[in-house]
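For reference, the chains in residue letters:
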Amino acid sequence: MTRDAEFRRRILDLVARIPRGRVMTYGQLALLAGQPGAARQAGYVMNSLQGGDHGLPWQRVVNAQGRISTTKIGLGDLQLALLIHDGVDFDSSGRLNLSERQWWPEEAQEGGTPTLF
DNA sequence: CGCCTGACAGACA
DNA sequence: ATGTCTGCCAGGC
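Now for a quick tour of the structure. (Residues numbered from 1 in each chain as written. Chains lettered and ligands numbered in written order. Predicted model: local features only at pLDDT ≥ 70, side-chain atom pairs only at ≥ 80, totals over all residues. Heavy atoms only, no water.)

### Things to note about the overall build of chain A
Part 1: Helix and strand counts for chain A stand at six helices and two strands.
Part 2: Helices (α) and strands (β) of chain A occur, in sequence order from the N terminus, as α-β-α-α-β-α-α-α.
Part 3: Classification of the 117 residues of chain A by burial places 40% in the buried group.
Part 4: The long-range fraction of contacts in chain A, counting pairs at least 24 apart against all pairs at least 6 apart in sequence, stands at 63%.
Part 5: Accessible surface, chain A: about 6,600 Å² in total, of which carbon and sulfur atoms supply 50%. (Helix = DSSP H or I, 4+ residues; strand = E, 2+ residues; numbered from the N terminus. Buried < 20%, exposed > 50% of the residue type's maximum accessible area, 1.4 Å probe, protein only. Contact = heavy atoms within 4.5 Å. Areas by Shrake-Rupley, 256 points an atom, 1.4 Å probe, with all protein chains shown as cover.)

### A word on the pattern of salt bridges
For side chains bearing opposite charge, pairing can occur when the charged atoms are close.
Part 1: Throughout the structure, instances matching the rule amount to five salt bridges.
Part 2: Residues aspartate 13 and arginine 9 are paired through a salt bridge, measuring 2.7 Å at the closest nitrogen-oxygen approach. Pair noted here: aspartate 13 and arginine 9 are both in helix α1 (residues 3-16), with a separation of four residues, about one helical turn.
Part 3: Assessed through its relative accessible area of 33%, aspartate 13 is described here as partly exposed.
Part 4: Its salt-bridge partner being aspartate 86, residue arginine 60 comes within 2.8 Å of it at the nearest N-O pair. Of the two residues, arginine 60 is situated in the loop between α3 (39-49) and β2 (61-62) and aspartate 86 in helix α4 (residues 76-86); the sequence distance between them amounts to 26 residues. The burial state of arginine 60 is the same as that of aspartate 86; both residues are buried.
Part 5: Among the ionic contacts, a cluster of salt bridges with common partners joins Glu6, Arg9, Arg10 and Asp13. (Salt bridge = Lys/Arg side-chain N within 4 Å of Asp/Glu carboxyl O.)

Below you can see the structure in the form of structure tokens.
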């Protein structure tokens, strides 16, 4: 299996596990998928979903500033609505509180090493 | 092959 | 806070 195919699969596995009301960042996904610093590639994978299908909670992925990045491809309003429906609250400047909303998988929480795979 | 553009992020001015 | 620069690398032209 090619490296990018593995990367993609790992990203999607992680996204599928994000609980309602919590979020993960692109850089975090890349890190846990074994490619620290490849946040842009994580975004590239998410972009391929183009929203909705796959039954994945794609809306639970935001950038490192707690802001929605899908505004660039026209999915911003939808993502915001879905997150609010999840119970996530945003401040007046459109940011959510990452320190209380960012979710880390159990495996990554206990061990000192952040990489998951 | 080169050049440019991205659902990004961190460092720095 | 805002803007610039660099690292990341797939895909379009």
